[in-house]
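Structural overview
Each chain, written out:
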Amino acid sequence: LRAWTPLAAYLARAHRVCPDATWPMARRLLCAATLYAGFFVVVAAIFWILTMTVTGHRQPPIGFGVGVSVVALAWLAGFVTPGSAAGIGVREAILIATLEGTLDVEASTLIALALRLVSLCGDAVFFAIGVLLSPWPALAKSTRPGNDLP
């Protein structure tokens, strides 16, 4: 919980600066930007760990800030590429291309594919959590024909 304390303080401060009644869109955008930044930092940390695991080095050959930038660029390129479901192939190509001068192609490819596998597993876990916490079954029961809505 201590790791989330700075984020909670930041969002509380943002709420005071942009309360719902005055700037609802600004607050939502600030919250979304903060969550995306947190997402990219977490993915970059996973990218860093995978790089250390694959290369066997204690210190990855690229800095953490560069890792965040590379991951964000790869994700964005995959997101905006039409016809590429979940950026498949595009993210991996960007990651391999950016690591080209630092690591050999085999290590870069292994890191990119491992990051894709970790992303798929994370998506599956968060989907399952969302389904388990979803209020939809209760809503479905209350909207059956013959039942009145509350």
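This text follows the structure it describes.
Residues numbered from 1 in each chain as written. Predicted model: local features only at pLDDT ≥ 70, side-chain atom pairs only at ≥ 80, totals over all residues. Heavy atoms only, no water.

Brief notes about helix α4 (residues 90-98)
This is how the line gets drawn: Summary of the burial criterion: residues with accessible area below 20% of their type's maximum are buried, those above 50% are exposed, and those between are partly exposed, where the area comes from a 1.4 Å probe applied to protein chains only. Helix and strand assignments follow DSSP, with helices taken as H or I runs no shorter than four residues and strands as E runs no shorter than two, numbered in order from the N terminus. When checking whether two residues touch, look at their non-hydrogen atoms; a contact exists if any pair is within 4.5 Å.
Those residues of α4 lying buried are Val90, Arg91, Glu92 and Leu95. Of the surrounding elements, those touching the buried residues of α4 are α2 (24-55), α3 (64-80) and α5 (105-133).

What to know about the packing of α2 against α3
So the rule is basically this: Note on geometry: axes are lines fitted to C-alpha atoms, helical ones only across the stretch in contact, with angles between N-to-C directions running from 0 to 180 degrees. Between 65 and 115 degrees an angle is taken as roughly perpendicular, under 35 as roughly parallel, over 145 as roughly antiparallel, and anywhere else as oblique. If you view the pair so one helix is near and one far, a crossing is left-handed when the near helix is turned anticlockwise from the far one by less than a right angle, and right-handed when it is turned clockwise. Note on residue classes: Ala, Val, Leu, Ile, Met, Phe, Trp, Tyr, Cys and Pro are nonpolar, Asp, Glu, Lys and Arg are charged, and everything else, Gly too, is polar.
α3 packs onto α2 with a crossing angle of 110° between their chain directions and a minimal axis gap of 8 Å. Viewed along their axes, α2 and α3 adopt a mutual orientation that is roughly perpendicular. When the axes of α2 and α3 are compared, the crossing they make is right-handed. Across the interface between the two elements, Tyr36, Phe39, Phe40, Val41, Val43, Ala44, Ala45, Phe47 and Trp48 of α2 pack against Phe64, Gly67, Val68, Val71, Ala72 and Trp75 of α3. For the contact of α2 with α3, the residue count by class is 14 nonpolar, one polar and no charged.

Comments concerning the packing of aromatic side chains
Going by this rule: What counts as a ring pair is set by centres within 6.5 Å for rings of Phe, Tyr and Trp (its six-membered ring), and what kind of pair is set by the plane angle: stacked under 30 degrees, edge-to-face over 60, tilted for all other angles.
For the coordinates displayed, the defined rule picks out seven aromatic pairs. A ring pair is formed by Tyr36 and Phe40, whose centres lie 6.3 Å apart and whose planes are at 25°; its orientation type is stacked. A residue pair is termed a helical-turn pair when its members lie 3 or 4 positions apart in one helix, as Tyr36 and Phe40 do in helix α2 at four residues. Note on Tyr36 and Trp75: the rings are 5.7 Å apart at their centroids and 55° apart in plane angle, and the pair reads as tilted. Of this pair, Tyr36 sits in helix α2 while Trp75 sits in helix α3, and the two are 39 residues apart along the sequence. These aromatic residues form a ring-pair network of at least three members: Tyr36, Phe39, Phe40, Trp75 and Phe79.

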